[in-house]
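# Reading the structure
Read off the chains here:
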Amino acid sequence: MDLLSHTITFRHALAQWYATAQRPLPWRTQPSLYRTVVSELMAQQTQIKTMLPYFERWMQRFPDFAALAEAPAEDVLKHWEGLGYYSRARNLHKLAKEYVALEPKPRSREDWQQLPGIGPYTSAAISSIALGEPAAVVDGNVVRILARLTDDARVFKNNGEAVKAFTPTAEAVLDQGNAGEHNQAMMELGATVCLKHKPLCTVCPVLAYCAASRKGSQEARPKIERKATVKVEVERAWVLQAGKLLLHRIAEDSGQLAGQYELPRLETVASPRSAKQLLASKSRSITHRRIKEHIYQVKAKPRIDASLEWVRVEDIERITLSGPHRRWIGELLAR
Ligand code: SF4
């Protein structure tokens, strides 16, 4: 069956499946505008199973917009520590402050787009799920499902271009009278059935509408050009003296990681000829970058500048470190 000629039965099949197959996630079992906003921002770039404990902790500490608006910035960042992409936490904090002060409260998708960190995707999700507005959500999951359902072989330069290209199709299949549930059903289908690799077509509720599965081309859809992998090597310094670890505090104006601590770059604390010993080499990937970090124990007296701070080992738990740095520091202190 061609998707666009059978949108009514498609919506029905999707809705029936979602009614019984959806996971009982905390923002679904106890829905509210605030919980929708937090869950949508937290879920960006993060898998649901990773964000769930963060969401629960967040709700205990910041149960509503007012509690979040009043919280100190360090406290907000601390509750986000390990989730990455920290501008989301900063934006959520700013958003709460603006929301609390705003009268009348934002009621439409356009109103929500004026708030910090809210783009076309998030505004469609919030306004459809929490406010019942007929806005279609289009993210990577939805692009993947639609490209497969329509067996679209176009090549897109990046995700943004693909999202733009599939927005009219998403709007055409949207259940206007039940947009929030429909959008969540599409997202759930992408997260649990129409997987990037090895989609579970045999149990898919919309298999009958899927042109790619009929041709066996589903794993080749969508076609999005990938950026070439870039390899990066970084050297870090480990300087532990008298129960204090030397850490670098990232400047407040430096974007994503502003205000957090990390192990300092080797070149900032030691000269190339300083005595040092390799303690560990760690690899990680951030989007298309493959980063290898080598951590050296510096044996000479370190150079100290204003961006460096001695932090007592017992205080490390209280400060905000990026996820990988906290893991590495924990491992090295345990040796
Ligand atoms: Fe995705 Fe397979 Fe369902 Fe098509 S049939 S939408 S490829 S899971």
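Everything numeric here is computed off the predicted structure, so don't read it as measured data.

## Let's talk about the UniProt feature "domain: HhH-GPD" (unreviewed entry) in the protein
- Those residues carrying the UniProt feature "domain: HhH-GPD" (unreviewed entry) are residues 42–192 in this numbering.
- Segment residues 42–192 splits into 66% helix and 1% strand. End C-alpha atoms: 18 Å apart.

## Description of the side chain of D152
- Looking at the element boundaries, D152 is found in the loop between helix 10 (140–149) and strand 1 (155–156).
- In this structure, D152 is in contact with A147, F166 and R221, ignoring residues within four places of it in sequence.

## Examining unusual backbone geometry
- The peptide bond linking E103 to P104 adopts the cis configuration, its omega dihedral lying at -5 degrees.
- By the secondary structure assignment, P104 is in the loop between helix 7 (87–101) and helix 8 (109–113).
- The residue after R221, namely P222, is reached through a cis peptide bond having omega -5 degrees.
- Relative to the helices and strands, P222 resides in the loop between helix 13 (211–215) and strand 2 (223–224).
- The backbone of Q45 sits at a positive phi, close to 65 degrees, despite the residue not being glycine.

## Quick look at the domain arrangement of the protein
- Split into domains, the protein comes out as domain 1 (3–137 + 171–192) and domain 2 (230–334).
- The interface of domain 1 with domain 2 comprises nine residues on the first partner and 15 residues on the second.
- Taken over both partners, the interface formed by domain 1 and domain 2 buries close to 820 Å², and the fraction arising from carbon and sulfur atoms is 41%.
- Area buried by domain 1 at its contact with domain 2 is led by K78, E81 and Y86, which between them contribute 51% of it.
- The interface formed by domain 1 and domain 2 includes one salt bridge.
- Taking the shortest distance from any N to any O, the salt bridge between E81 and R326 comes out at 2.2 Å.

## Structural notes on the packing of aromatic side chains
- Evaluated as defined, the whole model comprises eight aromatic pairs.
- Seen in terms of ring centroids, W58 and W80 are 5.5 Å apart; in terms of plane orientation they differ by 80 degrees. Their pairing is edge-to-face. Of the two residues, W58 is situated in helix 4 (residues 48–61) and W80 in helix 6 (residues 73–80); the sequence distance between them amounts to 22 residues. Neither W58 nor W80 differs from the other in exposure class; each is buried.

## Brief notes about the environment of K94
- By the element assignment, K94 lies in helix 7.
- Separated by 26 residues in the primary sequence, K94 and L68 place their C-alpha atoms 9.2 Å from one another.

Rules and cut-offs
- What you see as residue numbers is a count from 1 along each chain, following the sequence as written.
- With the structure being a predicted model, the display of local features is reserved for residues of pLDDT at least 70 and the display and counting of side-chain atom pairs for 80 or more, all residues being used for whole-chain, interface and lining totals.
- With hydrogens and water set aside, each side-chain value is computed from the structure's full complement of heavy atoms.
- UniProt positions are given in the numbering used here, feature names are shortened, and annotations may be inferred rather than shown by experiment.
- The helix and strand labels rest on DSSP assignments: H or I over at least four residues marks a helix, E over at least two residues marks a strand, and numbering proceeds from the N terminus.
- Only heavy atoms matter for contacts: two residues are in contact if any of them lie within 4.5 Å across the pair.
- Segment limits for the domains were obtained from an automatic or database-derived domain assignment.
- Summed over both partners, buried area is the accessible surface (1.4 Å probe) that two parts give up on being assembled.
- Salt-bridge detection follows one rule: a side-chain nitrogen of Lys or Arg within 4 Å of a carboxyl oxygen of Asp or Glu.
- Here a pair means two rings of Phe, Tyr or Trp (six-membered ring of Trp) with centres within 6.5 Å. Their orientation is stacked below 30 degrees between planes, edge-to-face above 60, and tilted elsewhere.
- For every residue, the accessible area (1.4 Å probe, protein chains only) is compared with the maximum for its type, and the residue is labelled buried under 20%, exposed over 50%, or partly exposed between those bounds.

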